[in-house]
Amino acid sequence: MIKVYTSTVLDSPAHVVWSIVRDFNALPKWTPFVADSRIEQNLPSDRIGCVRNFRTNDGGIIREQLLALSDYDFQCVYSILESPMGVENYIATLKLTPVTDGDKTFAEWSAEFDPPPGREQELADHVGQAVFQAAFTHLKQRLR
Amino acid sequence: MIKVTRSGIIDAPIAAVWDLLRDLNSHVDWHPAIDSSEIENGEPPDQVGCVRSFRLKDGNQLREQLLALSDRDFLSTYCILDATLPMRRYVATLQLKPVTDGNLTFWHWQSTFDVPKGRELEFDRTVGDGVYTAGFEGMRTWLRRGRRAGSRSAAAGTSGGRSHVGTPGAGAALQGQGIFVRRHGGAGEMALATVDAAAPGSGEVRIRQTAVGVNYIDVYVRSGLYPMIVPPAVPGVEAAGVVVDVGPGVAHLLPGDRVAYACLPPGSYCSVRTMAADQVVVLPEDVTEETAAAVMLKGMSAEYLLHRTTRVRPGDTVLVHGAAGGLGLMLCRWAAQLGARVIGTVSSDEKARLARESGCELPIVTGDYRFAGQVREATGGRGADVIFDGLGREAFQENIEAVAVCGHWVSYGQASGPMESVPLATLTAKSITLSRPVIFHYTASRTALQAIAANVFKALRSGAIRADIRHRYPLAAAAQAHRDLESRATTGQLVLLP
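Residues numbered from 1 in each chain as written. Chains lettered and ligands numbered in written order. Predicted model: local features only at pLDDT ≥ 70, side-chain atom pairs only at ≥ 80, totals over all residues.

It is worth spelling out the overall build of chain A at this point. Across its full length, chain A holds 3 helices and 7 strands. When its helices and strands are written in sequence order, chain A yields β-α-α-β-β-β-β-β-β-α. Expected size for 144 residues packed as a compact globule is a radius of gyration near 15 Å; at 15 Å, chain A falls within 12% of this value. Here the C-alpha coordinates of chain A stretch approximately 45 × 35 × 25 Å along the principal axes. In chain A, which comprises 144 residues, the proportion classed as buried is 31%. For chain A, the proportion of contacts with a sequence separation of at least 24, taken over those separated by at least 6, is 45%. (Helix = DSSP H or I, 4+ residues; strand = E, 2+ residues; numbered from the N terminus. Rg over C-alpha atoms; globule rule 2.2 N^0.38 Å. Buried ≥ 20, exposed ≤ 12 C-beta atoms within 10 Å, placed from the backbone. Contact = placed C-beta atoms within 7 Å.)

In structure tokens:
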């Protein structure tokens with residue numbers, strides 16, 4: 001089991017950031033690497049248990065299931081059902097916390113998963129940098 | 001039971017912040033409200049169960065006990081045992097988290113407790129702002145001081161009963177030179193004389209100034225159009241320099257800090273100044289004092305106009321009047337970087353070239369405030385989504401014609417004369433939003449000021465704005481600087497060097 005943790009400070013109030021990221025189907029809107037996304041079986045994107053089925057820019061299909069969503073804690077937990085990464089037991093949490101001093105947002109994105117043997121570092125870097133950090137950087141530009 | 005929560009970002013790695021916070025007695029070093037503190041019975045300050053007994057500068061005394069400490073979660077929980085304040089069942093937890101994007105620290109501080117009925121809001125502020133938020137600021141200052149001193153242990157011991165090391169106390173006034181407006185009128189009414197900067201009082205800072213910004217508002221203050229000074233008095237609203245000393249209650253500045261400001265009341269045309277500290281910001285290492293003196297007022301104006309009065313978005317069409325002026329060039333460049341399409345008005349071909357270099361796609365050369373036709377033509381008849389208007393009266397009718405339906409007309413100045421009144425029906429005809437903003441309202445709170453200043457420094461780094469100092473004068477030549485500015489012959493920024 002490896003853990004990945006990425007965090008950043010976003011220059012907007014937490015409720016504003018949350019209004020963008022709480023939509024489980026909105027990855028194409030605020031990340032640079034998702035081409036399109038849909039919620040399977042036409043469920044609402046805030047229905048716990050729903051599955052987002054999205055295609056990355058390089059053509060990979062990923063299916064992720066919403067495990068928990070809290071408008072009270074600004075937190076979203078999901079797992080990967082299928083992906084080209086070949087990871088198992090992947091659970092990720094995206095959480096926002098207001099920064100009262102300056103009315104900004106502290107955003108944390110963490111994941112735990114079992115990688116295939118020998119690919120630990122590669123996948124930790126991929127998830128932490130190419131996915132989480134890249135999405136944060138893109139979101140920052142969008143919020144400007 | 002009330003719950004108080006505050007959080008802040010500290011510009012230091014989590015290990016450096018935690019190294020202090022895990023020591024229950026360290027607050028006497030970094031927290032500006034603590035007068036003295038010690039751990040009872042000589043216990044180590046990271047011993048769970050240890051008690052810190054301390055006195056606040058306001059005279060209140062407290063005893064607090066460490067309930068939990070985690071080096072794994074960067075977390076400390078403590079409670080009040082006794083206090084001369086009416087707080088009961090107080091339990092507080094502070095926790096740090098790393099900001100991996102930038103190697104900073106997120107600090108979350110939360111408590112629950114009972115207070116007398118009706119005083120909930122008062123205690124939310126006392127504890128939340130006076131203890132927690134002030135603590136963030138105190139920690140930032142302490143870490144800056146440590147960086148300068150080389151190490152923390154150089155500044156204070158590491159355990160036992162420490163007493164607060166205050167700023168060197170009140171001393172004599174410092175003498176320097178300043179430009180005085182003898183009476184309202186022309187540039188010739190300004191003359192050099194000796195100024196005395198008193199030792200800073202409560203909430204004040206004394207600054208040895210190394211660069212002073214010259215702005216058009218100074219001309220209005222000098223002439224008496226803006227009645228902001230009673231001569232004889234020193235004009236000027238912008239400068240940068242180095243902190244000499246600070247008065248009691250100033251947590252965010254230290255002697256030796258390089259600082260800048262742009263604020264009222266006027267009084268910046270001098271070599272040394274004592275003033276309210278809350279409008280003064282610390283400069284990042286990569287921003288020189290001369291640059292800061294040149295861009296604080298205009299840069300912060302561009303920041304609030306583009307991000308607070310309006311929120312310019314990619315694809316917006318923005319019309320900037322006086323596009324080659326100091327503020328105009330910054331608005332053009334920054335708006336273009338935000339993805340807007342920038343149209344401008346200028347008074348000459350040479351200025352059109354300057355504006356174009358700064359991202360203004362279509363500089364309209366006009367000497368008679370006629371521009372609406374060209375704006376509409378360039379936008380397929382739609383007009384501009386946002387107009388930044390420093391012209392005022394003479395451009396009024398053209399602005400109404402040039403703005404798009406549901407557009408935003410921001411009147412931040414009136415170089416051609418004041419607009420007496422704007423009939424509401426004029427706005428209704430296109431659902432126009434009209435703003436009449438003044439920078440000093442946007443920078444009034446310290447939190448907002450710091451955010452705006454930080455964005456200006458970021459914009460300098462990214463090239464969204466530039467210092468373009470083309471005219472430097474000794475302080476004594478302030479009158480010449482005003483003459484040059486009033487002749488409209490200058491481009492770029494003017495600074496005085498005391």
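Here the narrative resumes, following the displayed structure.
This part takes up the pairing of strand S20 (residues 403-411) of chain B. Residue and element names in this part refer to chain B. With 7 of 9 residues buried, S20 lies mostly within the body of the structure. Pairing of strand S19 (residues 384-389) with S20, which is carried by 5 bridges, proceeds in the parallel orientation. Of the residues in S20, the one forming a bridge with Ala384 is Val403. A crossover connection joins S19 to the parallel S20 through helix H10 (residues 396-402); in handedness this β-α-β unit is right-handed. Of the strand pairs in this sheet, S20 and strand S21 (residues 433-435) are connected by 3 bridges, and their pairing is parallel. (Pairing = 2+ DSSP bridges. Right-handed = clockwise from strand over helix to strand, strands pointing away.)

With that settled, the discussion passes to the sheet that holds S19(B). Residue and element names in this part refer to chain B. Overall, parallel pairing links the 6 strands, which are arranged S18-S17-S16-S19-S20-S21 in an open sheet. At either margin of the open sheet sits one strand with a lone partner, and together these are strand S18 (362-365) and S21. Neighbour to neighbour, the strand axes of the sheet diverge by 15° on average, direction disregarded. Together, strand S17 (341-346) and S18 form the strand contacts of helix H8 (residues 349-357), whose direction differs from that of S18 by roughly 165°. (Axes fitted to C-alpha atoms, helices over the stretch in contact; angles between N-to-C directions.)

Moving on, we get to the environment of B:Gly203. Residues and elements named next belong to chain B. Residue position: Gly203 is located in the loop between strand S10 (190-197) and strand S11 (204-214). Through-space distance from the C-alpha of Gly203 to that of Val250 is 5.4 Å; in sequence the pair is 47 residues apart. Contacts of Gly203, omitting those with residues within four sequence positions, involve Gly247, Gly249, Val250, Ala276, Ala277 and Asp278.

Let's shift gears to the sheet that holds strand S6 (residues 88-99) of chain A. All names here are of chain A. Taken in spatial order, the 7 strands line up as S1-S7-S6-S5-S4-S3-S2 in an open sheet, and their pairing is antiparallel. Where the open sheet ends on each side, the last strands, each with one partner, are strand S1 (2-10) and strand S2 (34-39). Across the sheet, the axes of successive neighbouring strands diverge by a mean angle of 20°, strand direction being ignored. The pairing of strand S3 (residues 51-56) with strand S4 (residues 61-70) spans 5 bridges and is antiparallel. From the neighbouring strand, Arg55 faces S4, where its bridge partner is Ile61. Sitting on the sheet, helix H1 (residues 14-21) touches S1, S6 and strand S7 (104-114), and the angle it makes with S6 is about 150°. Along the sheet, helix H3 (residues 120-143) contacts S1 and S7; its crossing angle with S1, the most-contacted strand, is approximately 15°.

With that settled, the discussion passes to the domain arrangement of chain B. Looking at the assigned domains, one finds that chain B contains domain 1 (2-150), domain 2 (174-296 + 445-458 + 468-497) and domain 3 (314-436). For domain 1 of chain B and domain 3 of chain B, the distance between their C-alpha centres works out to 50 Å. (Domains from an automatic or database assignment.)

Chain A puts 16 residues into the contact, and the matching count from chain B is 19 residues. For the side of chain A that touches chain B, the secondary-structure elements that each account for two or more residues are S1, S6, S7 and H3 of chain A. Element by element, the count of residues in the side of chain A that touches chain B is highest for S1(A), at 5 residues. Tallied by class, the residues present in the side of chain A that touches chain B amount to 6 nonpolar, 7 polar and 3 charged. (Nonpolar A, V, L, I, M, F, W, Y, C, P; charged D, E, K, R; others polar.)

Backbone geometry follows two general trends: most residues other than glycine have a negative phi, and most peptide bonds adopt the trans configuration. Residue B:Pro232 follows B:Pro231 across a cis peptide bond; omega there is 0°. Structurally, B:Pro232 is set in the loop between helix H5 (216-223) and strand S12 (238-246). Here B:Leu264 and B:Pro265 are connected by a cis peptide whose omega angle stands at -5°. With respect to the element layout, B:Pro265 can be found in the loop between strand S13 (258-262) and strand S14 (272-276). Residues other than glycine seldom take positive phi values, yet A:Asn89 does so here, at roughly 55°. Of the residues examined, A:Asn89 has 10 C-beta atoms within 10 Å and is grouped as exposed.

Turning next to the confidence of the model for chain B. Residues and elements named next belong to chain B. Of all residues in chain B, 95% attain a pLDDT of 70 or more, and the chain-wide mean is 91. Within the model, the stretch residues 150-169 combines pLDDT values under 50 with 26 contacts to residues more than four positions away or in other chains. Interface predicted TM-score (ipTM) for the complex: 0.86; the corresponding pTM is 0.71. (pLDDT = per-residue confidence, 0-100.)

All names here are of chain B. Inspection of H8 places Lys351, Ala352, Leu354 and Ala355 among the buried residues, and these make up the whole buried set. Down the axis, H8 shows its buried residues gathered within 160° of arc, on one side only. The outward face of H8, more than 90 degrees from its buried face, is lined by the exposed residues Asp349 and Glu350. Packing partners of the buried residues in H8 comprise helix H7 (326-337), S17 and S18. Positive phi shows up at Gly359, right after H8, with a value of about 100°. (Arc of directions from axis to C-beta.)

Let's shift gears to the packing of H5(B) against helix H14 (residues 478-486) of chain B. All names here are of chain B. One can describe the packing of H5 onto H14 by two numbers: an axis separation of 10 Å at closest approach and a directional angle of 110°. By the angle between their directions, the pair H5 and H14 is classed as roughly perpendicular. Seen from above, H5 lies across H14 with left-handed handedness. Each of Tyr216, Val219 and Arg222 in H5 lies in contact with H14, whose residues at this interface are His482, Leu485 and Glu486. Tallied by class, the residues present in the contact of H5 with H14 amount to 3 nonpolar, 1 polar and 2 charged. (Parallel < 35°, antiparallel > 145°, perpendicular 65-115°, else oblique. Left-handed = near helix turned anticlockwise from the far one by under 90°.)

What follows concerns the packing of helix H6 (residues 289-309) of chain B against helix H13 (residues 446-462) of chain B. Residues and elements named next belong to chain B. It is the contact of H6 with H13, at a shortest axis distance of 9 Å, that shows an interaxial angle of 100°. When the axis of H6 is compared with that of H13, the two are roughly perpendicular. Of H13, the residues touching H6 (which contributes Val295, Gly299, Met300, Glu303 and Tyr304) are Ile452, Ala453, Asn455, Val456, Ala459 and Leu460. When the residues that make up the contact of H6 with H13 are grouped by side-chain class, the tally is 8 nonpolar, 2 polar and 1 charged.

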